[in-house]
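Observations on chain architecture
Okay, here's what each chain looks like letter by letter:
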Amino acid sequence: MSVPTSRGSILIVEDDEDIRAAMAELLENEGFEISVASNGQEGLEVIEQMPTPCLVLLDLMMPVMSGEDFLRHLRKHPTFHALPVIIVTASGRQPLPGAQGILKKPFEIGELFATVAAHCGG
């Protein structure tokens, strides 16, 4: 069995372990290298250690550091200031300044793949 070559790296910042694991498994099966974090503070630490991702999938409501605070810190970072970020949320919020869009929970697998393909190539 051959392992597909990587299609890029993605960071998932999500405090719900089941959602985080499901998204990671789906995207790994599509050939992406996945890094995960359970809150914004951990996300900032993880992103420094991984290959520069093609996309961040970011929950908003998390303990320790919210997605909104994570995004604010990320946009100040010289390496990651222009990195695409998609907000993954069940709230009815509009996209945050600095985010490229919203993936509304619960979402269909096809919506996740389409969102990722738009930022990480087909």
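In this report, the structure presented in the accompanying data block is examined. None of the values given here were measured: they were computed from a predicted structure.

Within the protein, the regular secondary structure consists of four helices and five strands. Along the protein, helices and strands appear, N-terminal first, in the series β-α-β-α-β-α-β-β-α. Relative to the 2.2 N^0.38 estimate, which gives 14 Å for 122 residues, the radius of gyration of the protein is 13 Å and therefore close to what a compact globule would have. Principal-axis analysis of the C-alpha atoms places the extent of the protein at approximately 40 × 30 × 25 Å. The burial tally for the protein puts 43% of its 122 residues in the buried class. Accessible area for the protein stands at about 6,400 Å²; split by element, carbon and sulfur atoms hold 54% of it. Treating the 8 positive side-chain charges of the protein as one cloud and the 17 negative ones as another, the clouds have centres 9 Å apart.

Taken in spatial order, the five strands of this open sheet run E2-E1-E3-E4-E5, and their pairing is parallel. Edge strands, defined here as strands with exactly one partner in the open sheet, are strand E2 (33-37) and strand E5 (101-104). Averaged over all adjacent pairs, the angle separating strand axes in this sheet is 20°, with direction ignored. Two strands pair when backbone bridges link them, and strand E4 (residues 85-89) and E5 are joined in this way by four bridges, in the parallel orientation. Within E5, the residue paired with threonine 89 across the bridge is lysine 104. On top of the sheet, helix H1 (residues 17-29) reaches strand E1 (9-13), E2 and strand E3 (55-58); it is set at about 170° to E2, its chief contact. On the sheet, helix H4 (residues 109-120) packs against E1, E3, E4 and E5 and is oriented at approximately 145° with respect to E3.

The full count for this structure, using the stated rule, is one disulfide. Through a disulfide, cysteine 54 is tied to cysteine 120; the S-S separation comes to 2.0 Å. Between cysteine 54 and cysteine 120 the disulfide shows an S-S torsion of about 95°. By sign, it is right-handed. Taken together, the residues span a long stretch of sequence, with cysteine 54 in the loop between helix H2 (40-49) and E3 and cysteine 120 in helix H4 at a distance of 66 residues. The same class applies to cysteine 54 and to cysteine 120, which are both buried.

Moving on to H2. Turning to H2, its buried residues are Gly40, Gly43, Leu44, Val46 and Ile47. For H2, the elements touching its buried residues are E1, E2, E3 and helix H3 (67-76). Its side-chain oxygen placed 3.0 Å from the backbone nitrogen of glutamine 41, asparagine 39 serves as the N-cap of H2.

Reading the values: rules and limits
- Residues numbered from 1 in each chain as written.
- Predicted model: local features only at pLDDT ≥ 70, side-chain atom pairs only at ≥ 80, totals over all residues.
- Heavy atoms only, no water.
- Helix = DSSP H or I, 4+ residues; strand = E, 2+ residues; numbered from the N terminus.
- Rg over C-alpha atoms; globule rule 2.2 N^0.38 Å.
- Buried < 20%, exposed > 50% of the residue type's maximum accessible area, 1.4 Å probe, protein only.
- Areas by Shrake-Rupley, 256 points an atom, 1.4 Å probe, with all protein chains shown as cover.
- Lys, Arg positive; Asp, Glu negative; His and termini not counted.
- Charge placed at Lys NZ, Arg CZ, Asp CG, Glu CD.
- Pairing = 2+ DSSP bridges.
- Axes fitted to C-alpha atoms, helices over the stretch in contact; angles between N-to-C directions.
- Contact = heavy atoms within 4.5 Å.
- Disulfide = S-S within 2.5 Å.
- Polar contact = N/O pair within 3.5 Å; in protein donor to acceptor, adjacent residues only side chain to side chain.

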